[in-house]
Amino acid sequence: MELLRYTLITDGSSDKTLMNIIKWLLDDLYPKISNRGTFGDFRYLQKPPKKGDIKNQIQCAEYFYPFDILFYHRDAESDKKSIVKERTEEIKSQLEEKYISKTICIIPIKMMENWLLIDETAIKKAAGNRNYSKQINLPQINKIESLNEPKLFLHDLLKEVSGKKVGN
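Note that the structure is predicted; figures quoted are calculated from it, not measured. (Residues numbered from 1 in each chain as written. Predicted model: local features only at pLDDT ≥ 70, side-chain atom pairs only at ≥ 80, totals over all residues. Heavy atoms only, no water.)

A. Region of interest: the pattern of salt bridges. One pass over the structure, following the stated rule, counts eight salt bridges. The shortest N-O distance in the salt bridge between D156 and K159 comes to 4.0 Å. With D156 and K159 both in helix α7 (residues 150–162), this residue pair falls three residues apart, about one helical turn. The exposure class of D156 is partly exposed, given its relative accessible area of 39%. K159 gets classed as partly exposed once you look at its relative accessible area, which sits at 43%. Taken together, the shared-partner salt bridges in this structure form one network comprising D11, R74, R87 and E90. (Salt bridge = Lys/Arg side-chain N within 4 Å of Asp/Glu carboxyl O. Helix = DSSP H or I, 4+ residues; strand = E, 2+ residues; numbered from the N terminus. Buried < 20%, exposed > 50% of the residue type's maximum accessible area, 1.4 Å probe, protein only.)

B. Examining the packing of aromatic side chains more closely. Enumeration over the complete set of coordinates arrives at four aromatic pairs. Seen from their ring centres, Y6 and F71 are 6.0 Å apart, and the 90° between their planes marks the pair as edge-to-face. Taken together, the positions of Y6 in strand β1 (residues 3–9) and F71 in strand β3 (residues 69–73) put the pair 65 residues apart, joining distant regions of the chain. Across the pair, exposure class does not vary: Y6 and F71 are buried alike. Judged by centre distance (6.1 Å) and plane angle (40°), the rings of F67 and Y99 are tilted. Residue F67 is located in the loop between α2 (54–64) and β3, and its partner Y99 is located in helix α4 (residues 97–100); the two are separated by 32 residues in the primary sequence. A relative accessible area of 4% places F67 in the buried class. Of the residues examined, Y99 reaches a relative accessible area of 2% and is grouped as buried. (Phe/Tyr/Trp six-rings, centres within 6.5 Å; stacked < 30°, edge-to-face > 60°.)

C. Representation of the packing of helix α6 (residues 120–127) against α7. Taken N-terminus to C-terminus, the directions of α6 and α7 make an angle of 75°; their axes are 8 Å apart at the nearest point. With respect to α7, the element α6 is oriented roughly perpendicular. Contacts between α6 and α7 pair I123, K124, A126 and A127 from the former with L154, L157, L158, V161 and S162 from the latter. Classifying every residue of the contact of α6 with α7 gives seven nonpolar, one polar and one charged. (Axes fitted to C-alpha atoms, helices over the stretch in contact; angles between N-to-C directions. Parallel < 35°, antiparallel > 145°, perpendicular 65-115°, else oblique. Contact = heavy atoms within 4.5 Å. Nonpolar A, V, L, I, M, F, W, Y, C, P; charged D, E, K, R; others polar.)

D. The arrangement of the sheet that holds strand β4 (residues 103–106) in detail. Pairing is parallel across the open sheet formed by four strands, whose spatial order is β2-β1-β3-β4. At either margin of the open sheet sits one strand with a lone partner, and together these are β2 (34–39) and β4. Here the average twist between neighbouring strands, direction ignored, is 20°. Against the sheet, helix α1 (residues 18–29) contacts β1, β2, β3 and β4, and its axis sits at roughly 150° relative to β1. (Pairing = 2+ DSSP bridges.)

Here's what the structure looks like:
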């Protein structure tokens, strides 16, 4: 395989930040395989698949964003112990046979922003600026779960670390 193509389908456009994390993970796990990812953004299609219509979203992604691996992100929206299994089964039950071995479910219990806030290196990579040299003020690990606005905190942090001005 010369190029590994992957596509990410998410609950919303703000979850696109997972693209850099997936790229980082694939580069780390498979350094000798080139990869290219696309974000399954259906908002601009004339007849976009509805959110939660897993089967149509995947078929649409295969047509517009061909993939070898599909990452399907779905928020848990609950912290009960069985929610990851339930969400995974919900997704996999709607997969056609040909997609089962190609699909990886991403189901964070808490908002993904919480688990991104533990690693400066990951923040730099997600921001696209591995050479950022200033201090990154991450919250203490035992305080992450109690952040009021983790998504806003992460987005502000990513903007700062990226070095880009607002609107760039």
